[in-house]
Amino acid sequence: GYALAILVFGKKLIWTFGNEWKGLQAIVAEHWHFAKWLLGKSILQWASGNVFLIAAASLLGPAVVGAIRIAQNVMGILNILFIAIENYVPIQAAKHYAVGGWQELKHYMQKITLSGGVLTAALALVLVIFAKPLIALLYGQSIPESVYLLKGFSILYLLVFIGLPLKFIILTKKETKYIFLSYTLNACFSLGLAYPIVEFWGLQGVLFGLIASQIIIVVVFYVSLKFRLT
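Residues numbered from 1 in each chain as written. Predicted model: local features only at pLDDT ≥ 70, side-chain atom pairs only at ≥ 80, totals over all residues. Heavy atoms only, no water.

1. Some remarks on a nonpolar patch on the surface
Link 1 in the chain: A surface patch of nonpolar side chains, amounting to about 490 Å² of accessible area, comprises Ile215, Val219, Tyr222, Val223 and Phe227.
Link 2 in the chain: As for its placement among the helices and strands, Tyr222 is situated in helix 8 (residues 203–227).
Link 3 in the chain: Looking at Tyr222, the relative accessible area reads 46%, which means it is partly exposed. (Patch = residues over 30% accessible without salt bridge, like charges linked within 9 Å, V, L, I, M, F, W, Y side chains within 5 Å. Areas by Shrake-Rupley, 256 points an atom, 1.4 Å probe, with all protein chains shown as cover. Salt bridge = Lys/Arg side-chain N within 4 Å of Asp/Glu carboxyl O. Helix = DSSP H or I, 4+ residues; strand = E, 2+ residues; numbered from the N terminus. Buried < 20%, exposed > 50% of the residue type's maximum accessible area, 1.4 Å probe, protein only.)

The following block contains the structure:
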């Protein structure tokens, strides 16, 4: 079926694109300019995001991994918020940038950062205050390690949110090499230090490593915007 469709419509498509080949080449080159960095970033993101969890599993045992998973599940409400933001804001940011340039984009992202930051902080504060009874309600008992991690993850998720508007600006300006750079440094830190940190500090090391990894990303985003993209 696919072969027949190619035979029937292939000639027409070749003729159509042949008349506009230079324009098509320009579009492909433009997309490849920023997409190639995102491809590398996707690979590095897995490495940087999971190394501390792998280290925790191998050094601290499955019970700690279970405690981490419980805390992550409770934080799922913020994941839903972040997914909604990532599906909506980049499109609107591109529209504002196309209409009003950098100043319009900056103004829009400031509003998003303020409103989204207040909501994220409020949800994180609720999770911190009610961490113990919330975990007991959901899992039948209060698990000290999960309560501790949930409070730490609240700080981590605040940092994740701070990085979102910065990332959206970089994406809008199509300078994705700085996103790749941030995850490269993050992966180097995680791969090089995850096991020593977790082995020395235990559960606190896991939390420290995850927060430090996110700080690296936010700092690279901020520096690139401050000194390279504005």
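2. Remarks on the packing of aromatic side chains
Link 1 in the chain: On inspection of all chains with the given rule, the structure shows five aromatic pairs.
Link 2 in the chain: When the ring of Phe82 is compared with that of Tyr157, the centres are 6.0 Å apart and the planes differ by 25°; the resulting orientation is stacked. Note that Phe82 is positioned in helix 4 (residues 76–129) and Tyr157 in helix 6 (residues 144–172), a separation of 75 residues in sequence. Exposure class is identical for Phe82 and Tyr157. Each is buried.
Link 3 in the chain: Arranged with centres 5.1 Å apart and planes meeting at 85°, the rings of Phe200 and Trp201 form a pair that is edge-to-face.
Link 4 in the chain: Judged by relative accessible area, which is 66%, Phe200 ranks as exposed.
Link 5 in the chain: Under the relative-accessibility criterion, Trp201 is labelled partly exposed at 46%.
Link 6 in the chain: Through a chain of ring-to-ring contacts, the aromatic side chains of Phe82, Tyr157 and Phe161 assemble into a single cluster. (Phe/Tyr/Trp six-rings, centres within 6.5 Å; stacked < 30°, edge-to-face > 60°.)

3. Concerning the nonpolar core
Link 1 in the chain: By size, the foremost hydrophobic cluster in this structure holds 58 residues, and its most contacted members are Ile68, Ile85, Met109 and Phe153.
Link 2 in the chain: Those elements giving two or more residues to this core turn out to be helix 2 (21–60), helix 3 (62–74), helix 4, helix 5 (131–139), helix 6, helix 7 (177–201) and helix 8.
Link 3 in the chain: Of all the elements, helix 6 adds the most residues to this core, at 13 residues.
Link 4 in the chain: Contact partners of Ile68, with chain neighbours within four places excluded, come to Leu53, Ala56, Leu149, Phe153 and Val206. (Core = buried A, V, L, I, M, F, W, Y, C linked by side-chain atoms within 4.5 Å. Contact = heavy atoms within 4.5 Å.)

4. A short note on the packing of helix 7 against helix 8
Link 1 in the chain: Contact geometry of helix 7 with helix 8 gives a least axis separation of 9 Å together with a crossing angle of 160°. Judged by the inter-axis angle, helix 7 sits roughly antiparallel to helix 8. In the crossing of helix 7 with helix 8, the sense of the turn from one axis to the other is right-handed.
Link 2 in the chain: Considered class by class, the residues forming the contact of helix 7 with helix 8 number 17 nonpolar, eight polar and no charged. (Axes fitted to C-alpha atoms, helices over the stretch in contact; angles between N-to-C directions. Parallel < 35°, antiparallel > 145°, perpendicular 65-115°, else oblique. Left-handed = near helix turned anticlockwise from the far one by under 90°. Nonpolar A, V, L, I, M, F, W, Y, C, P; charged D, E, K, R; others polar.)

5. Some details on the layout of surface pockets
Link 1 in the chain: Of the pockets and cavities examined, the second largest pocket occupies roughly 340 Å³.
Link 2 in the chain: Along its surface, the second largest pocket is lined by 13 residues, and Trp102, Lys106, Leu166, Ile169 and Leu225 are the ones closest to its centre.
Link 3 in the chain: Going through the elements one at a time, helix 4, helix 6 and helix 8 are the ones with two or more residues in the lining of the second largest pocket.
Link 4 in the chain: Its residues assigned to classes, the lining of the second largest pocket shows eight nonpolar, three polar and two charged. (1 Å grid on protein atoms, 1.4 Å probe; cavity = no way out; pocket = protein on both sides within 12 Å on 5 of 7 lines; lining within 4 Å. Points joined across faces, edges and corners; volume = space filled by probe spheres on them.)

6. A short note on the pattern of salt bridges
Link 1 in the chain: Scanning the entire structure with this criterion turns up one salt bridge.
Link 2 in the chain: A salt bridge links Glu86 to Lys167; the shortest N-O distance between them is 3.1 Å. Here Glu86, found in helix 4, pairs with Lys167, found in helix 6; they are 81 residues apart in sequence, far enough to count as distant.

7. A short note on unusual backbone geometry
Link 1 in the chain: Of note in this structure, Lys174 is not a glycine but carries a positive phi near 60°.
Link 2 in the chain: Relative to the elements of secondary structure, Lys174 occurs in the loop between helix 6 and helix 7.
Link 3 in the chain: When its relative accessible area of 34% is taken as the criterion, Lys174 is described as partly exposed.

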